[in-house]
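A structural walkthrough
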Amino acid sequence: MALVLIAGCGDVGTRLGLALAADGETVRGLRRNPSALPAAIVPVRGDLATGEGLRSAADGVEVLVYAAAADGFTDDAYRSAYVDGLARVLDALDATRAPLARVLFTSSTAVYGQSDGSWVDEASPTEPQGFSGRRLLEAERLALGCGRPAAALRLAGIYGPGRTRLIDEVRSGTVTVAEDGDPLWTNRIHADDCAGALRHLVRLPAEAMPGVWLGVDDEPSDRAVVLDFIADRLGVARPRRVPVGDAPTRMRPGNKRCSNARLKRAGWPLRFPTFREGYADLIARLGERPA
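Everything numeric here is computed off the predicted structure, so don't read it as measured data.

The rules behind each value
Residues numbered from 1 in each chain as written. Predicted model: local features only at pLDDT ≥ 70, side-chain atom pairs only at ≥ 80, totals over all residues. Heavy atoms only, no water. Helix = DSSP H or I, 4+ residues; strand = E, 2+ residues; numbered from the N terminus. Rg over C-alpha atoms; globule rule 2.2 N^0.38 Å. Contact = heavy atoms within 4.5 Å. Expected span 1.5 Å × (residues − 1). Buried < 20%, exposed > 50% of the residue type's maximum accessible area, 1.4 Å probe, protein only. Phe/Tyr/Trp six-rings, centres within 6.5 Å; stacked < 30°, edge-to-face > 60°. Lys, Arg positive; Asp, Glu negative; His and termini not counted. Salt bridge = Lys/Arg side-chain N within 4 Å of Asp/Glu carboxyl O. Polar contact = N/O pair within 3.5 Å; in protein donor to acceptor, adjacent residues only side chain to side chain. Core = buried A, V, L, I, M, F, W, Y, C linked by side-chain atoms within 4.5 Å. Pairing = 2+ DSSP bridges. Axes fitted to C-alpha atoms, helices over the stretch in contact; angles between N-to-C directions.

**What to know about the overall build of the protein**
The secondary structure content of the protein amounts to nine helices and 15 strands. Taking 2.2 N^0.38 as the reference for a compact globule, 291 residues should give roughly 19 Å; the C-alpha atoms of the protein span a radius of gyration of 19 Å, in line with that estimate. With the C-alpha coordinates aligned to their principal axes, the bounding extent of the protein is approximately 60 × 40 × 35 Å. Considering only residue pairs separated by 6 or more positions, the protein has 76% of its internal contacts joining residues 24 or more positions apart.

**Some details on helix 7 (residues 223-234)**
The terminal C-alpha atoms of helix 7, which comprises 12 residues, lie 17 Å apart, in line with the 16 Å expected from a rise of 1.5 Å per residue. Across the 12 residues that make up helix 7, a large majority, nine, are buried. Residues of helix 7 that are buried include every one of R223, A224, V226, L227, D228, F229, I230, A231 and L234, and no others. In the segment just after helix 7, G235 is the residue with positive phi, at about 75 degrees.

**So, the packing of aromatic side chains**
For any pair of aromatic rings, the description rests on two quantities: the centre-to-centre distance and the angle between the ring planes. Here the structure, examined in full by the defined rule, presents eight aromatic pairs. Judged by centre distance (5.1 Å) and plane angle (55 degrees), the ring pair of Y78 and Y82 falls under tilted. Taken together, the positions of Y78 and Y82, both in helix 3 (residues 75-95) and four residues apart, correspond to about one turn of that helix. An identical accessibility class is assigned to Y78 and Y82; each is buried. Consider the rings of Y159 and Y279, whose centres lie 4.4 Å apart with planes at 10 degrees: the pair is stacked.

**Side note on the side chain of E122**
Here E122 shows up in the loop between strand 6 (119-120) and helix 4 (131-144). Buried and without a salt bridge, E122 has R262 as its closest oppositely charged side chain, separated by 5.5 Å. At a separation of 2.9 Å, a polar atom in the side chain of E122 contacts the main-chain amide nitrogen of L214. When neighbours within four sequence positions are excluded, E122 is seen to be in contact with Y112, R154, V212, W213, L214, S259 and R262.

**Looking at the nonpolar core**
Among the nonpolar cores identified, the biggest contains 40 residues, and L64, V89, L93 and F105 are the most heavily contacted of them. When residues of this core are traced back to their parent elements, those giving at least two are strand 1 (3-7), helix 2 (54-58), strand 4 (63-66), helix 3, strand 5 (102-108), helix 4 and strand 7 (150-155). Examining the composition of this core, we find that nine residues originate from one element, helix 3, more than from any other. Counting residues in each nonpolar core, the second largest holds 29 residues, with C9, V65, L155 and W213 among its members.

**Side note on the sheet that holds strand 5**
If you walk across this open sheet you meet the seven strands as 3-2-1-4-5-7-12, and the pairing is parallel. Each end of this open sheet is capped by a strand with a single partner; those strands are strand 3 (42-45) and strand 12 (211-215). With direction set aside, neighbouring strand axes in the sheet form an average angle of 20 degrees. Looking at chain direction, strand 5 and strand 7 are connected through six bridges and run parallel.

**Thoughts on the side chain of R102**
Turning to its location among the elements, R102 is positioned in strand 5. Within the buried core, R102 has no salt-bridge partner, and the shortest N-O distance to an opposite charge, that of E207, equals 6.8 Å. Separated by 2.8 Å, the side chain of R102 and the backbone oxygen of L201 make a polar contact. Apart from the residues lying within four places of it in its own chain, the contact partners of R102 are E62, V63, L64, P149, L201, V202, R203, L204, P205, A206 and M209.

Written out as structure tokens, the structure is:
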């Protein structure tokens, strides 16, 4: 069994940590305030932005899962969280001569710039239009070039308990849909399946794990279809249709279809194969209507 460090042990990291601890691994969870971590995860106080506490956290680590999140949506915040923070952890692992055997980095489908509804996979060009994708690519290169077997898991929109933005918008009636427009393709993954994908990569043979992986569910979906489904499950009115020209800018995120074929070929089991199973379960947990 291995000693695993989850750097940036937030929601997904905690789910992963609990799963790995149940497998018999020793799991350290690094965060600024680790007091709320469950008992199965060894709490480690550390700051990725300053390097405080990283050397003690790195001692003896065999598997690094870097799952940090940026403090804000700015270039500086992304560079600090994903590039500088990862570099500090890798430096601490080197300084302590940790027996590091594999590195996993949680990235994002923001590294892709496609916006024409086309399919993308791990081999597709990465030409992000915004700073977020560019900083994540920079961090991916750092992780994949660290000299150990390494993988970057590119996650789509994460939803699940505590991540209910679409449900909240549909319930409030504030969200709208462009009428008579082309499909706006979106991609998502339930938080449990994010953790499951990371656990699966930790479990893969060292020779099969390295490289880039796409972490999405089985079905890229038209945004309007997803919102209508949520409304029907909640028992509220479907989102109002507006002319395409009146649709707010935020209605046009991305527009690509991401394939999870590589992870599926590697035997990854999805708990929630599509948004239908995932949102039905989430809405039932919220006590809105039975799934």
